[in-house]
Amino acid sequence: MDKDFTALMNQLKNKELDEFEVTPEEFPAFQKAFMAFETRKRVVGQADKGGKLIYRYDDDGQQDTD
């Protein structure tokens, strides 16, 4: 079953998750969802062993624009 990367990024944003992992095989699907994600600049990835990426949400210094 494919991961719902948009849902995972929303869970990061809403602090329901601390992080999630993306494998090299999943990256093309992740990239498509990432590029469409409204606050993608806050989704930060870090390379891990074996080509895996760990994504977290950076809300430090976030300002409300409403």
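The model shown is predicted, which means the values in this text are computed figures rather than measured ones.

(A) The pairing of strand S3 (residues 53-57), seen in detail. Taking burial as the measure, the five residues of S3 include four buried ones, the bulk of the element. Note: strand S1 (residues 20-22) against S3, three bridges, orientation antiparallel. Paired with Phe20 across the bridge in S3 is Tyr55. Relative to S3, strand S2 (residues 43-47) runs antiparallel, the two sharing five bridges. Residue pairing across strands places Val43 opposite Tyr57, the latter belonging to S3.

(B) Local environment of the nonpolar core. Phe5, Met9, Phe20, Val22, Phe30, Val43 and Tyr55 are the most contacted members of the largest nonpolar core, which has 14 residues in total. When residues of this core are traced back to their parent elements, those giving at least two are helix H1 (5-13), S1, helix H2 (27-36) and S3. For this core, the element with the highest residue contribution is H1, accounting for four residues. With sequence-adjacent residues up to four places away left out, Val43 is seen in contact with Met9, Phe34, Phe37, Tyr55, Arg56 and Tyr57.

The rules behind the values
- Residues numbered from 1 in each chain as written.
- Predicted model: local features only at pLDDT ≥ 70, side-chain atom pairs only at ≥ 80, totals over all residues.
- Heavy atoms only, no water.
- Buried < 20%, exposed > 50% of the residue type's maximum accessible area, 1.4 Å probe, protein only.
- Helix = DSSP H or I, 4+ residues; strand = E, 2+ residues; numbered from the N terminus.
- Pairing = 2+ DSSP bridges.
- Core = buried A, V, L, I, M, F, W, Y, C linked by side-chain atoms within 4.5 Å.
- Contact = heavy atoms within 4.5 Å.

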